[in-house]
Amino acid sequence: EKAEVQTTLRPLYEVFGGIQGPAGRFIRSRVERLSTCWIKAGHRIRENTTKTTSQQKRVLLYPGVLSGGVGQRFGAMVDQGGPLGELVQWADLSASLFILGHNLTFTTSQNHLHSVIGAAPGKGSCPIQMPLPFDLIYTDYHGLAHLQGAMGLAFQHYQCRFRILDSFGTEPAFNLGTYARSHGYNTLWGSWRLQPLQYMTMFPHTPDNSFLGFVSEEVMVEQEEREEEVEPGPYRKDNTAVVYGKQDYMWQGKERYLELISQELETHGTVYQPPGHSAQLPSNIINHGLLTQDQFLQLLRRTKVFVGLGFPYEGPAPLEAIALGCVFLQPRFQPPRSSENSDFYKGKPTTRQVSSQHPYAEEFIGKPYVWTVDMTNTTDVQETVRAILRTEVKPFTPREFTSEGMLERVHAYITHQDFCSVSFPTWPPESALRIHLGPLGQSCVSVCRRASLVCEPALFHHLNDPAAFTRLGLSCSSMDQEVDNHLFPAYSPWGRRCGLQRERLLFSCAGSDPVHRRLCPCRAHRAGQVALCPDCL
Ligand code: UDP
């Protein structure tokens, strides 16, 4: 059966029926609020993708983070300033898949999981032949462990059908247990031996994973009031700032920075206050308490500057703020934060160096929407705030964070990504490949980015070949294929040694060292849609 673009989301609310508590309320109300926006985007997608309609997939969505004891704790935090980014993503993923016409089952209960995947209750009882009634299973790291328990031996057999929502990403070096353990990349997460593109991230962190993303809300707020073709905004802005930080611990030690901002702008907060208590904030802050997402977005529409405190890292809110016509002011991290120096990133399966609170905002959006400052430098903060006040910005949403952009991307993944085939990937096509030879010490992520391209791990196999070295004018004295190294294929000028990759799971855009020049598979991307190349839909 072909997947048909849907024109209503109503049946999806029944699919969500079983999600309990505050998390369920958050997901349902978000999908409902965005529904007209999804439906419009669906119409446009239908006009543009007639050539590539995909088969209808039977899809299971299982956010392990909402299940069991972990789920109860996570759910309870929803109304108390806990993280909401994951819920945003689960809501938007469900809406995308539903609009694209796939058949969805959504569960947050381990018991229900057992019954829908056809396992007998109890542990590890599935025989390997169990016909799994789903073509795709979207889950997270918590859910993977539950699925392993529920599926027993069948787990390995079907793991190519899994997609893991993994906000911050998992680099290949951490994904392969044996390699991770012997090369110092061992973490609590990781080691599942999936294909790195099966991990789906919140932002395009490392191209080794698939960038799933979410929808930033400008379109939705707009459409009730404006004709489609009219440019959004400008909104009527008060001379105000809203501080990004739902819990008061995030504000601690930032008093001087906040004071500098309050000198120029009336400063508001949306900080959770436990019943009968008030949040510990500087006295001149106007605190609204934790708002519903709806109210929060209404507040941002009247706000001039959205102020980052340095935490939370890499969340959705700054994109929403920019979509609603705010400027985002945020601290730079010098030195950058990473698993080596930050408790938050410690143990996360990534070597990324995080240069500010929101590197996507800094690097992909930038001025005049995003200003990154040294929070401890009074002059820098003052001058930046004043410069912002002299700047007019219009609401802006990168295409990849619109509902149409997300539908286009999810559709492409569903149509083209196949991790169950034993042969090398055929998408994107080889014609998209631009081989670059990196300098010593540079990862393919940055080599490609410096050429305004993006590293494409699905193209690595085309250049893992002695002929690729010759084409780049490198003459190899030896062709090393015996050692595992996630930097391979690579060239070492000392002794003119060339190294080929022998383990395809170790093809990695991330990673560099001082003795290797990496062979990098770069490709172009569409404007505002880094996940897709110009001619590969
Ligand atoms: N948000 C909200 N009420 C508030 C502040 C924020 O509902 O008072 C929403 C906001 O719209 C965003 C979500 O919380 O979509 C996640 O916010 P954040 O960027 O803080 O990421 P997190 O760390 O929660 O994942």
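What you are looking at is a predicted structure, and each value in this text was computed from that prediction instead of being measured.

A. Seen up close, the sheet that holds strand E4 (residues 162–165). Strands sit in the order E2-E1-E3-E4-E5-E6 across an open sheet of six strands; the sheet is parallel. Two strands bound the open sheet, and with one partner strand each, they are strand E2 (103–106) and strand E6 (210–211). The sheet contact formed by E4 and strand E5 (residues 199–201) spans two bridges and is parallel. Pairing of Leu165 across the sheet is with Met200, part of E5. In this fold helix H7 (residues 141–151) packs onto strand E1 (58–62), strand E3 (136–139), E4 and E5, with an angle of close to 145° to the strand it touches most, E4.

B. Inspection of the environment of Lys394 at higher detail. Here Lys394 shows up in the loop between helix H16 (378–389) and helix H17 (403–416). Note on Lys394: relative accessible area 46%, which makes it partly exposed. In this structure, the C-alpha to C-alpha distance between Lys394 and Tyr369, residues 25 residues apart in sequence, is 8.7 Å.

C. Summary view of the packing of aromatic side chains. All told, the structure shown has 30 aromatic pairs when counted by the stated rule. A centroid spacing of 5.2 Å and a plane angle of 85° characterise the contact between Phe16 and Phe106, whose relative ring orientation is edge-to-face. In this pair, Phe16 sits in the loop between helix H1 (10–15) and helix H2 (21–33) while Phe106 sits in strand E2, placing the two residues 90 residues apart along the sequence. Residue class for Phe16 comes out buried when judged on its relative accessible area of 0%. When the ring of Tyr369 is compared with that of Phe396, the centres are 4.8 Å apart and the planes differ by 20°; the resulting orientation is stacked.

D. Spotlight on the pairing of E1. Within E1, four of the five residues are buried, leaving the element largely enclosed by the surrounding structure. With four bridges connecting them, E1 and E2 associate as parallel partners. Bridge pairing links Val59 to Leu104 in E2. The pairing of E1 with E3 spans four bridges and is classified as parallel. Counterpart to Leu60 in the pairing with E3 is Ile137.

E. Inspection of unusual backbone geometry at higher detail. Backbone torsion omega between Phe311 and Pro312 reads 0°, so that peptide bond is classified as cis. Tracing the backbone through its elements, the reader meets Pro312 in the loop between strand E10 (305–308) and helix H14 (317–323). Note that the residue after Trp427, namely Pro428, is joined by a cis bond; omega there is -5°. Locating Pro428 in the fold gives a position in the loop between H17 and strand E14 (434–437). The backbone phi angle of Arg193 is positive, close to 60°, even though this residue is not glycine. Mapped onto the elements of the fold, Arg193 is located in the loop between helix H10 (177–183) and E5.

F. Highlighting the packing of H2 against helix H13 (residues 293–301). Put simply, H2 and H13 touch, their axes get as near as 10 Å, and they point 50° apart. Taken together, the axes of H2 and H13 lie oblique to each other. Of the residues in H13, those in contact with Phe26, Arg30 and Arg33 of H2 are Gln293, Asp294 and Leu297. In terms of residue class, the contact of H2 with H13 is built from two nonpolar, one polar and three charged.

G. Representation of the site of the ligand. Taken together, 17 residues lie around the ligand, and Leu84, Gly85, Tyr244, Lys246 and Glu320 are the ones closest in. Measuring from an oxygen atom of the ligand, one finds a backbone N or O atom of Gly85 at 2.7 Å. Relative to its unbound accessible area of 530 Å², the ligand is 94% covered by the protein chains. Elements represented by at least two residues in the shell around the ligand include exactly helix H5 (85–99), H13 and H14. When its residues are assigned to classes, the shell around the ligand shows 10 nonpolar, five polar and two charged.

H. Seen up close, the layout of surface pockets. Taken as a whole, the second largest pocket holds about 780 Å³ of empty space. What lines the second largest pocket is a set of 43 residues, among which Leu197, Pro207, Glu456, Pro457 and Ala458 lie closest to the centre. With three residues, helix H18 (residues 444–450) is the single largest residue contributor to the lining of the second largest pocket.

I. Focus on the state of the cysteines. Per the counting criterion, the structure on display carries six disulfides. Between the sulfur atoms of Cys455 and its disulfide mate Cys509 the distance is 2.1 Å. For the disulfide bridge between Cys455 and Cys509, the dihedral angle about the S-S bond is near -80°, and by the sign convention the bridge is left-handed. Of this pair, Cys455 sits in strand E15 (residues 454–455) while Cys509 is found in the loop between strand E18 (497–499) and strand E19 (517–523), placing the two residues 54 residues apart along the sequence. Looking at Cys509, the relative accessible area reads 0%, which means it is buried. Lacking any disulfide linkage, Cys37 is separated from the closest cysteine sulfur, that of Cys326, by 18 Å.

J. Spatial organisation of the nonpolar core. In this structure, Tyr138 and Phe306 are the most contacted members of the largest nonpolar core, which totals 105 residues. Ranked by residues supplied to this core, first place goes to H5 with nine residues. Setting aside its immediate chain neighbours within four residues, Phe306 contacts Val242, Val243, Tyr244, Phe296, Leu300, Ala317, Pro318, Ala321, Cys326, Val327, Phe328 and Leu329. Membership of the second largest hydrophobic core comes to 23 residues, among which are Leu113, Val116, Leu147 and Ala154.

K. Main features of the confidence of the model for the protein. Model confidence for the protein is summarised by a mean pLDDT of 93, while 94% of its residues fall at 70 or above. Here residues 219–224 scores under 50 on pLDDT; set against residues more than four positions off or in separate chains, the count is 13 contacts. Low pLDDT, under 50, characterises residues 226–230; the stretch is placed with four contacts to residues that sit more than four places away or in other chains. Across the assembled chains, the prediction reports ipTM 0.96 with pTM 0.95.

L. Looking closely at the side chain of Arg352. Considering the arrangement of structural elements, one finds Arg352 in the loop between strand E11 (327–337) and strand E12 (354–356). Residue Arg352 is classed as buried on the basis of its relative accessible area, which comes to 15%. A distance of 3.3 Å separates a polar atom in the side chain of Arg352 from a polar atom in the side chain of His205. Side-chain polar atoms of Arg352 contact the side chain of Glu314, separated by 2.8 Å. Setting aside its immediate chain neighbours within four residues, Arg352 contacts Phe168, Glu171, His205, Glu314, Arg337, Ser338 and Tyr345.

Here is what the cut-offs are and how they apply
- Residues numbered from 1 in each chain as written.
- Predicted model: local features only at pLDDT ≥ 70, side-chain atom pairs only at ≥ 80, totals over all residues.
- Heavy atoms only, no water.
- Pairing = 2+ DSSP bridges.
- Helix = DSSP H or I, 4+ residues; strand = E, 2+ residues; numbered from the N terminus.
- Contact = heavy atoms within 4.5 Å.
- Axes fitted to C-alpha atoms, helices over the stretch in contact; angles between N-to-C directions.
- Buried < 20%, exposed > 50% of the residue type's maximum accessible area, 1.4 Å probe, protein only.
- Phe/Tyr/Trp six-rings, centres within 6.5 Å; stacked < 30°, edge-to-face > 60°.
- Parallel < 35°, antiparallel > 145°, perpendicular 65-115°, else oblique.
- Nonpolar A, V, L, I, M, F, W, Y, C, P; charged D, E, K, R; others polar.
- Near = heavy atom within 4 Å.
- Polar contact = N/O pair within 3.5 Å; in protein donor to acceptor, adjacent residues only side chain to side chain.
- Areas by Shrake-Rupley, 256 points an atom, 1.4 Å probe, with all protein chains shown as cover.
- 1 Å grid on protein atoms, 1.4 Å probe; cavity = no way out; pocket = protein on both sides within 12 Å on 5 of 7 lines; lining within 4 Å.
- Points joined across faces, edges and corners; volume = space filled by probe spheres on them.
- Disulfide = S-S within 2.5 Å.
- Core = buried A, V, L, I, M, F, W, Y, C linked by side-chain atoms within 4.5 Å.
- pLDDT = per-residue confidence, 0-100.

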